[in-house]
Structures are given as C-alpha cells and as structure tokens.
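# Architecture and fold: a report
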Amino acid sequence: LAKITQPISMDSYEGQEVNITCSHNNIATNDYITWYQQFPSQGPRFIIQGYKTKVTNEVASLFIPADRKSSTLSLPRVSLSDTAVYYCLVGDRGNTNAGKSTFGDGTTLTVKP
Amino acid sequence: DTGVSQNPRHKITKRGQNVTFRCDPISEHNRLYWYRQTLGQGPEFLTYFQNEAQLEKSRLLSDRFSAERPKGSFSTLEIQRTEQGDSAMYLCASSTEGAGREKLFFGSGTQLSVL
C-alpha cells in the first residue's frame, strides 16, 4: 500500500491561493491520485483526479511531478466555505484493487476572513 | 439522482448488541464500498461489492462484521456483539466501473456510538 503523508493543518485568508501537498513515495505504476473534500458530518466529496503532469477543473488544479512521488492540490482564491478537511487518495482504481487504495489522514484547511 | 443515502444517521447502542446499517447507492452505480472513519483519520476501507458480488474484504473486517448487497441494489452492514472500539462513522460510497477514472460518491455516513 502507498504510504500517504499530508500536513495536518493549514491556515489561509480569503482570496488567497492554497497549495496542499501529499507525499506518496511508494506509489505504484497503476496508481492514480485523487483528492476529496470533507465537511463535518458529511462524507467526502470528489474534487480532482490525475495520473501525471497537470490536471485542472472548475474548482482546483492538481500538479504531479514526473516521479509521481508527491502531488499538490491547488485551490485558487479560497473563500470561507472552503474550510474543510482535504484527503489525498492513492490507488489503483481497477477492478480488483479497491482495498489497496489508501486515504491520507487529511489536511484541515481553515480559511480566515 | 438523489445521491448515496445512508440510514440511520446516528445509532447509539450498548456493548454486545447487534446493529445494522443500510446504504442506498446511486441507482446506476454497480460498485459499492463500505469505509470506517474515526476522528482525525481518513476513511479506512472495509469491503467492496461489484453488483451483488462481494469482491474484497479488509482484514479490518472481523468475523463480527458482515455485509450484503442482495440483487446488486442497496447494501447492509451488520455488526454483531458490538464493542466500544466499533464506535466510528461508517461511510458508504458508490461508483460506476471505470478503471483508473473512478470517482467515489459518498453518503453522509452512520455515526455509531457503542456505550
């Protein structure tokens, strides 16, 4: 299983760009990197997924270097509503490896006014 | 699409009692997962179904835990002879099959407290 390391917490201010890095040194060739957002008393919600280089969608960007041993979730111009826990998930989303996908322990992002 | 539904939202039980949770996935999703989450931790994989077949079980899933997904629709997770260490949030997620591109859709979870 890939060992996931994320910062426990981060603080930011409204309007700033936030970058959260996830370390996954023993990522396997078939593993994808997925980020989820979780609010209190709710299940995680998909944000973005990538395999290599850069992926961008309407809410975030994901940067993955060539060695794929880390990844960075970038949230542009955060607002108070982005205060949440962010999880990095690394794993092979193929048919037979559900149990081998590993969530990190999450990064608590606090956005201040 | 009403999302993944889990019931009950909260369950308080006494040690030694049996509890059962229900998960209704998004209707067209054929993959269903159960996770357990404790405070300050990420979700831990428990088990996975593709349609009605239970394809994987974590070693975390002791003999007291059993899950079913009859007819490939809703799923139940039963814990027998509950222990205080079973107190956690139990999350259900569903997805469509798609190797490498899977997105998990989670329910809001069932918070179990064992007294």
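Structure shown above.
These lines cover the structure that appears in this document, whether it is placed above or below. (Residues numbered from 1 in each chain as written. Chains lettered and ligands numbered in written order. Predicted model: local features only at pLDDT ≥ 70, side-chain atom pairs only at ≥ 80, totals over all residues. Heavy atoms only, no water.)

For the rest of this paragraph, the subject is the overall build of chain A. Along its length, chain A carries zero helices and 10 strands. Helices and strands appear in chain A in the N-to-C order β-β-β-β-β-β-β-β-β-β. Here the contacts in chain A between residues at least 6 apart in sequence split such that 56% fall between residues at least 24 apart. (Helix = DSSP H or I, 4+ residues; strand = E, 2+ residues; numbered from the N terminus. Contact = heavy atoms within 4.5 Å.)

Let us look at the state of the cysteines. As enumerated under the stated definition, the model contains two disulfides over all chains in all. With a sulfur-sulfur separation of 2.2 Å, Cys22(A) is cross-linked through a disulfide to Cys88(A). The chirality of the disulfide connecting Cys22(A) with Cys88(A) is left-handed, given an S-S dihedral of about -85 degrees. Here the residue Cys22(A) occupies a position in strand E2 (residues 18-23), and Cys88(A) occupies one in strand E8 (residues 84-91), the gap between them amounting to 66 residues. One exposure class covers both Cys22(A) and Cys88(A), and it is buried. Between the sulfur of Cys23(B) and that of Cys92(B) lies a disulfide, 1.9 Å long from S to S. The S-S bond linking Cys23(B) to Cys92(B) shows a torsion near -65 degrees; that makes this disulfide left-handed. (Disulfide = S-S within 2.5 Å. Buried < 20%, exposed > 50% of the residue type's maximum accessible area, 1.4 Å probe, protein only.)

Residue and element names in this part refer to chain A. Across the sheet, which stays open at both edges, the four strands sit in the order E2-E7-E6-E5 with antiparallel pairing between neighbours. Here the strands that pair on one side only, and so sit at the sheet edges, are E2 and strand E5 (53-56). Neighbour to neighbour, the strand axes of the sheet diverge by 15 degrees on average, direction disregarded. Where E2 meets strand E7 (residues 70-75), six bridges bridge the pair, whose relative direction is antiparallel. Bridge pairing links Asn19 to Ser74 in E7. (Pairing = 2+ DSSP bridges. Axes fitted to C-alpha atoms, helices over the stretch in contact; angles between N-to-C directions.)

Right, let's get into the pattern of salt bridges. Where charged atoms from two side chains of opposite charge come close, those side chains can pair. Applying the stated criterion across every chain, the model contains four salt bridges over all chains. Residues Lys112(A) and Asp11(A) are paired through a salt bridge, measuring 3.5 Å at the closest nitrogen-oxygen approach. With Lys112(A) in strand E10 (residues 107-112) and Asp11(A) in strand E1 (residues 9-13), the pair connects residues that are 101 residues apart, well separated along the chain. One salt bridge connects Glu83(B) with Arg64(B), and the closest N-O pair in it is separated by 3.4 Å. A residue pair is termed long-range when its members are at least 10 positions apart, and Glu83(B) in the loop between strand E8 (75-79) and strand E9 (88-95) and Arg64(B) in the loop between strand E6 (53-57) and strand E7 (65-68) qualify at 19 residues. Overlapping salt bridges, with partners in common, bring together Arg64(B), Glu83(B) and Asp86(B) in one network. (Salt bridge = Lys/Arg side-chain N within 4 Å of Asp/Glu carboxyl O.)

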